[in-house]
Amino acid sequence: MIRVVQQSLLGSILSNMLLVLGCAFFGGGLVFFEREQVFNKGAVAVDSGLLLMAVMGLLFPAVLHSTHTELHFGTSELALSRFSSCIMLVAYAYY
């Protein structure tokens, strides 16, 4: 059942990124129909950086698992996953 949980988490992340972002753009277009929307460039840069870090934190252990290049199967993948999750936790808490 661990595969079901992994796929459920991945689907939740992807749907949250795509569906919520699309609904926000649609809602913003309805509210600001006559005038142009203004965004803070600094906040957009920080949010994009955090999103990129989250994608890389999910991608690196997955690539390591799919290439089968580990000497001791599963140990370095788990260590990389834990390290990236701690880094993301600290970065999001700091933000």
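Residues numbered from 1 in each chain as written. Predicted model: local features only at pLDDT ≥ 70, side-chain atom pairs only at ≥ 80, totals over all residues. Heavy atoms only, no water.

- Looking up the protein in an unreviewed UniProt entry gives the name Sodium/calcium exchanger membrane region domain-containing protein, with the organism given as Carpinus fangiana.
- Regarding the protein, the relevant UniProt record gives this comment under Subcellular location (unreviewed entry): "Endomembrane system". (UniProt positions renumbered as here; feature names shortened; annotations may be inferred.)

**Observations concerning the environment of Leu19**
- Structurally, Leu19 is set in helix α1 (residues 2-31).
- The class of Leu19 is exposed, set by a relative accessible area of 56%.
- Put simply, Leu19 and Ala62 are 43 residues apart on the chain and 24 Å apart in space, counted from C-alpha to C-alpha. (Helix = DSSP H or I, 4+ residues; strand = E, 2+ residues; numbered from the N terminus. Buried < 20%, exposed > 50% of the residue type's maximum accessible area, 1.4 Å probe, protein only.)

**Description of a nonpolar patch on the surface**
- Together, Leu51, Leu52, Val55, Met56, Leu59, Phe60 and Val63 give the surface a local cluster of nonpolar side chains, amounting to about 580 Å² of exposed area.
- Position of Phe60 relative to the elements: it lies in helix α2 (residues 41-67).
- For Phe60, a relative accessible area of 48% puts it in the partly exposed group. (Patch = residues over 30% accessible without salt bridge, like charges linked within 9 Å, V, L, I, M, F, W, Y side chains within 5 Å. Areas by Shrake-Rupley, 256 points an atom, 1.4 Å probe, with all protein chains shown as cover. Salt bridge = Lys/Arg side-chain N within 4 Å of Asp/Glu carboxyl O.)

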